[in-house]
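Now for the letters of each chain:
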Amino acid sequence: LSLCSFIMSARYLTLDCYNLWSVSRVLTAAADSAHSPTAPTTASAMSAKAIREATGKDIINRNLGSATTAAKCRFASVTESTDFNQLAIENPWLKTEKLVVKPDQLIKRRGKLGLIKVNVDYADVQKWISQRMNKDQQVGRATGKLRNFIIEPFLPHTEDEEVYVCIYSHRYADTILFYHQGGVDIGDVDAKALKVEVPIDGSISATQIESSLLKHLKSDKKKMVATFIEKLYSMYQSLYFTYLEINPLVVKSDAIYILDLAAKLDATADFVCRGVWGEIDYPPPFGRDALPEEAYIADLDAKSGASLKLTILNKEGRIWTMVAGGGASVIYSDTICDLGGADELANYGEYSGAPSEQQTYEYAKTILSLMTQKKHPKGKVLITGGGIANFTNVAATFKGIVTALTEFQSKILEHNISIYVRRAGPNYQEGLRIIRDVGKSLRIPIYVFGPETHMTAIVGMALGTKPIPTETGMDFATANFLLPGGQDKAQAKPPVDSPSSASIGSPTKYASAGDSQSMFTNKSKAIVWGMQTRAVQSMLDFDFVCRRSEPSVVCLVYPFTGDHKLKFYWGHKEVLIPVYKKMSDAMNKHKDADVMVNFASLRSAYESTLETLEFPQIRTIAIIAEGIPENMTRKLIKLSKEKGVSIIGPATVGGIKPGCFKIGNTGGMMDN
């Protein structure tokens, strides 16, 4: 995770983007309304986003193809601004057929909630919608307003014509489930349904589907349904779905009809599928309306080279976070949940990638404006945490936060807000001093800690489960941690298995090279893909300080220029490192290179990594880019395992093995 530099003493690393599956519980819980009540339990990836039923049916209409007997989905969407007269002109069948109407807002159990009206005419549909439009609706513990509806033709059918189909993706395969009965009373499909797993990058034929999934279906319908599922899965793969459930799927003697549908797309695949998907509207989970503050931060993020993210989970919650770093934001949210604060967690988000002072001010101002809209009887807490920044100037970003604190000083005091700060990285001493001083001058309760304090210790302090130290060690040594348990600061080595230490998960072995292979030694040689001169210099500085006999970087690959050489520093001396246009030239001229540090963008990282895997000399690949579609990542995992190559990433800053090797920008420059 790119929250701080970490020591890579273990031989095997987990893939960072997939670790987020296991530690994003709060976001998964907030979005689980995208699943049907009968859906199988699956891991939820942060980039997998639920889409409206109308969106899913539109994609299927345009991409399933004509080789099946599936009828085109006919539907009309209704929002607050819909003109019903114009809608009928655009969809003449609305006035000639019996209809079904239901909300299209990721709500599960619509039938049991009385949110489906069937076998009615257009006038009744309009009346039913008008009675519910912009009205509050209770769904479980969530309350939200109904604003989106979908109208479809009513399809008379019998129960024995209903079946269930679901496809979902996980780390090593795609699973297809089928049950010969469907509808709201299907029950536990995990226990009932027949299932088949399709390996990553694999396919399945109609014959295989018929023999493995359709054993209990009537014989005269097997071929028709098998062909439909075959084409549906092919579309699922090519369009980067991560989840697709149809319940019920109505199978008549001459045609197949998709009635209710729930689906998720891998949003990171937008650059691949935009032309086919079209413009996708990803609705928020029911009960959590998209807020203008979220849109404002998203707009800032789009215009910035930095990363600025904000999701409001509970606007009235008392626990707010303003965390530096994507990995840190997940860990802080996870720790808050572990300590019993899930119900009061107000937001999820992060700022990273060296945002400017102005950008940090805008981000902090937005958080504080949300915090001070409504008082909480227990007061509120703001956790401003982070790991050790790689290159973000901590003092500069904290100046932006200070400006926002100064602007909101009276409201902070009025709303009884306490602020807990833990940060390290370039110029952090100055940043922490600035925060301490503003707390004293504005009389705001701010508790400030540096790298002498364990990263998540401030969560326990903020939630009242741990005492707040009266003083902290001022030596600012990253090795002296003040653990959440509050051990004596003079204790040189905290207990490894302290009961208050949080475990994020056990390392998982990915490379099939066996226990005898170490990813890095003090003889490791790397090829760097991309014109990343700062990262290369950082690696060379680390090598020199570790007293390596020669630089770890042997060359760069950059396909957008001709072959040439670049000047770097090896201690006080200058050295020239070659840059090649073609990867094959780099590999052939540097046979001793066994590591690839891949700085390619999300659009080209997959292809450049595939090319790297063609060269057996490379035993370890670090993929820096974030936003690589999960299906591409799964293919890289599969291929790298087959070749015995260790993959670190995607979406990683890298890692450090002391005395041996530093990947790219991990830890920033040597002055950090």
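If you're wondering where the values come from, they're calculated on a predicted model, not measured in any experiment. (Residues numbered from 1 in each chain as written. Predicted model: local features only at pLDDT ≥ 70, side-chain atom pairs only at ≥ 80, totals over all residues. Heavy atoms only, no water.)

**A short note on the pairing of strand S11 (residues 241–251)**
- Burial of S11 is extensive: 11 of the 11 residues sit out of reach of the surface.
- Bridging between strand S8 (residues 162–169) and S11 involves 6 bridges; their strand directions are antiparallel. Residue Val 165 lies in a different strand from S11, and its bridge partner there is Ile 246.
- Judged from the 3 bridges that link them, S11 and strand S12 (residues 256–258) form a sheet pairing that is antiparallel. Each residue of the ladder has a partner; that of Leu 249, found in S12, is Ile 258.
- Where S11 folds back on S12, the antiparallel hairpin that results is connected by 4 residues. (Buried < 20%, exposed > 50% of the residue type's maximum accessible area, 1.4 Å probe, protein only. Helix = DSSP H or I, 4+ residues; strand = E, 2+ residues; numbered from the N terminus. Pairing = 2+ DSSP bridges.)

**Structural notes on helix H3 (residues 53–63)**
- Of all the 11 residues making up H3, 8 are buried; the element is thus mostly covered by neighbouring parts of the structure.
- Among the residues of H3, those classed as buried are Glu 53, Ala 54, Thr 55, Gly 56, Lys 57, Ile 59, Ile 60 and Asn 61.
- Positioned one or two residues after H3, Gly 65 has a phi angle of 95°, which is positive.

**Focus on the side chain of Gln 105**
- Structurally, Gln 105 is set in the loop between strand S3 (99–103) and strand S4 (117–120).
- Under the relative-accessibility criterion, Gln 105 is labelled buried at 10%.
- The contacts of Gln 105, once residues within four sequence positions are left out, are Arg 52, Lys 145, Leu 146, Arg 147, Asn 148 and Phe 286. (Contact = heavy atoms within 4.5 Å.)

**Considerations on the sheet that holds strand S15 (residues 319–321)**
- The 4 strands are arranged S15-S17-S18-S19 in an open sheet whose pairing can be described as parallel. Edge positions in the sheet fall to S15 and strand S19 (446–449), since each of these pairs with one other strand and no more. Neighbouring strand axes in the sheet, compared pairwise and without regard to direction, differ in orientation by 15° on average.
- Of the strand pairs in this sheet, S15 and strand S17 (residues 380–384) are connected by 3 bridges, and their pairing is parallel. Looking across to S17, one finds that Trp 320 is bridged to Leu 382.
- Sitting on the sheet, helix H15 (residues 428–442) touches strand S18 (417–422) and S19, and the angle it makes with S19 is about 160°. (Axes fitted to C-alpha atoms, helices over the stretch in contact; angles between N-to-C directions.)

That's the geometry; what it means functionally is another story.
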